[in-house]
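What the coordinates show
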Amino acid sequence: SNVTVTDRAVQDLKHMMAIQREQVLLDPATNALNTLCGVVSRDDPRVVMPDETTLDPLDARIVNKELREALSTSNLEVNIVGDFDVDQLEDYILRYLGSLDELSPSRDVVDPSYSTIDPDLQRMDIEKTIPDTAERAAVVIGQLGPSMYGTTFENRNPWHPITNAWVNGADSEFNSNLKDGMLLWKRSHPLYIPVVLDLLEPILASDMHYRMRDGLGVAYHCNWDFVRNRRHSSGLWSVEINTNVDLIKQAVDAAVEHISEATFGEFELLQAKAFLLEDYHKGKAEGHKWLSRMEGLQQDDSARIDFRHVNDYEKMVRSITITDLYDVWGSFNTDPEQIIRCACKTVPADVDVNDDLLGFKEGDSAEL
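Since this is a predicted model, take the numbers as computed values, not measurements. (Residues numbered from 1 in each chain as written. Predicted model: local features only at pLDDT ≥ 70, side-chain atom pairs only at ≥ 80, totals over all residues. Heavy atoms only, no water.)

As for the overall build of the chain
Summing up its helical and strand segments, the chain has 16 helices and six strands in all. Sequence-distant contacts in the chain: of pairs separated by 6 or more residues, those separated by 24 or more amount to 81%. Of the accessible surface of the chain, which amounts to about 19700 Å², a share of 51% is contributed by carbon and sulfur atoms. (Helix = DSSP H or I, 4+ residues; strand = E, 2+ residues; numbered from the N terminus. Contact = heavy atoms within 4.5 Å. Areas by Shrake-Rupley, 256 points an atom, 1.4 Å probe, with all protein chains shown as cover.)

Written out as C-alpha cells, the structure reads:
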C-alpha cells in the first residue's frame, strides 16, 4: 500500500528493457514473433517489446502514479499452497494484511480496449531483414483462436461456436445431448478449452515438425504455440518455422496447407494425454505449480476462471475425446486467406540494412 519507485530504479528498468528489445529484434525467430504480436495488437506497447518512444517519457512520477491507481486492497488476492495451520494462517493474514489501509482503484484494472484483439489486416504479409554473419531465416504465422484460459457458458466465448450456440439457446440435437451428464459437465467446465489446447499443442507441433522437416524438407525445425494472455477474451495461435532464406515461401505455403488440412488420431491423443498426466503428477508436489493455476481466481473481471481449475485437471484430461479436439479446433481461424505471415531473414553484417538503432527494415505487405 506504500510502494514507491525511485528514478534510479526506473532508469535501470528502461535500460534492461532496451537490451531485451535488442536481443529480440536481432534473432529472426523472436523478431518474427514480435512482429506477429504487433500485427495482432496493432502495435500495442503492452503486447510488443516497447521501443524508445514508449520508454523515454517514463519517469518515477509517472510510474508511481500508475502504481497508486493499480495497487489497491480491493484488488488484493491471497493464494496459499502447502501444509499449514489454518488458525495460525488466519491470524497472520489479519495481522499483516488486515492492518492495511483500505484503498480502491481510481480506474478499472483491465482496460476494455486491451481485452479485445483486432488484427491489422492491412499487414498480412511482412518480411524483415537483420544483419548477421550467418545466413538464416525464421517465419512465424498465426491468427486468432480460443483463449488459453478457457471460458464457462456464462461468458459466452465467441471463439467456441458450440458452447456459444448452447448458451444462446440454439435448438439442435447436439445441444439437447449436451445437457446430459458427463458431456454437460465437461463442455461447461472452465478447464474444457484449456485442457483441449494443452492436448492439441504437442499433437500439432509434432505433426507439423515431421511433415515440414522429414516429409517436405522445407524446414529444419517447427514449433506450434498458443500465446497466453489472461487479459484477452480470445487467444492467438502461432507456428514458428526455422528454415533457409531461399525456402521461406515454400515453407510458408506448406505450413498453411498443412494447417488447413489438420487431422487428429486416437494414438496421438493417447500420447498427448500420457505426456500431460506425467507432467501433472510430477508437478503436484510443487507449490508453484498450484499457485500458477490459482492466480486470478478471485478477480471479479476473470469470471471464466474458478477453483475447479485446480481440482479437476486430471479428470478433464482423461475425459477428452477426438470429437472434443475437432470441436475446439473448429473455433480457430485457419482460413488460408487470413493467416498472418511474418518472416525475418539475415543478410551479411556489412550490408547496409537500415540506419536505425537496431538495423532492421520492414517491407509493407511484402510477398513471401
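Here the narrative resumes, following the displayed structure.
Remarks on the packing of aromatic side chains
The tally for this structure, following the rule as stated, stands at nine aromatic pairs. Ring centres 5.1 Å apart and planes at 10° place the aromatic pair W224 and W237 in the stacked group. Within this pair, whereas W224 is found in strand β3 (residues 221-227), its partner W237 is found in strand β4 (residues 235-243), the two being separated by 13 residues in sequence. In terms of burial, W224 and W237 fall into one category: buried. (Phe/Tyr/Trp six-rings, centres within 6.5 Å; stacked < 30°, edge-to-face > 60°. Buried < 20%, exposed > 50% of the residue type's maximum accessible area, 1.4 Å probe, protein only.)

Some details on a nonpolar patch on the surface
Residues L76, V78, I80, F84, V86, Y92, I93, Y96, L97 and L100 make up a contiguous nonpolar surface patch of roughly 790 Å² in combined accessible area. Structurally, L97 can be placed in the loop between α5 (86-96) and α6 (112-115). (Patch = residues over 30% accessible without salt bridge, like charges linked within 9 Å, V, L, I, M, F, W, Y side chains within 5 Å. Salt bridge = Lys/Arg side-chain N within 4 Å of Asp/Glu carboxyl O.)

Some points on helix α10 (residues 192-215)
Taking 1.5 Å per residue, 24 residues should reach 34 Å; α10 reaches 33 Å between its end C-alpha atoms and fits that length. Immediately beyond the C-terminal end of α10, within one or two residues, lies G217, with a positive phi of roughly 65°. (Expected span 1.5 Å × (residues − 1).)

Side note on the pairing of β4
Within β4, eight of the nine residues are buried, which leaves the element mostly enclosed by the surrounding structure. In the sheet, strand β2 (residues 137-145) pairs with β4 via nine bridges, with the strands oriented antiparallel. Paired with V140 across the strands is E240, a residue of β4. With seven bridges joining them, β3 and β4 adopt antiparallel strand pairing. Residue pairing across strands places F226 opposite W237, the latter belonging to β4. (Pairing = 2+ DSSP bridges.)

Examining the environment of V140
Structurally, V140 is set in strand β2. The spatial distance from the C-alpha of V140 to the C-alpha of E240 is 4.5 Å, given a sequence separation of 100 residues. Beyond its immediate stretch of four places on either side in the chain, V140 contacts A29, A32, L33, L36, S238, V239, E240, I340, R341 and C342.

Digging into the nonpolar core
Core analysis: the biggest nonpolar cluster contains 50 residues, and I141, M212, W224 and L325 have the highest contact counts within it. Residue assignment for this core shows that the elements contributing at least two residues are β2, α10, β3, β4, α11 (248-260), α12 (266-283), α15 (313-319) and α16 (322-329). Per-element tally for this core: the top contributor is α10, with twelve residues. Ranked by size, the runner-up nonpolar core spans 14 residues in total, among them A32, I117, I130 and I340. (Core = buried A, V, L, I, M, F, W, Y, C linked by side-chain atoms within 4.5 Å.)

Notes on the confidence of the model for the chain
The predicted model of the chain has a mean per-residue pLDDT of 78, with 73% of residues at 70 or higher. Low pLDDT, under 50, characterises residues 151-179; the stretch is placed with 56 contacts to residues that sit more than four places away or in other chains. Counting contacts from residues 354-368, a segment whose pLDDT is below 50, to residues more than four positions away or on other chains yields 42 contacts. (pLDDT = per-residue confidence, 0-100.)

A look at unusual backbone geometry
Backbone geometry at R42 places phi at a positive 55°, although glycine is not the residue there. Among the structural elements, R42 can be located in the loop between α2 (28-41) and α3 (52-55). Within the chain, D43 stands out as a residue other than glycine whose phi angle is a positive 60°. Structurally, D43 is set in the loop between α2 and α3.

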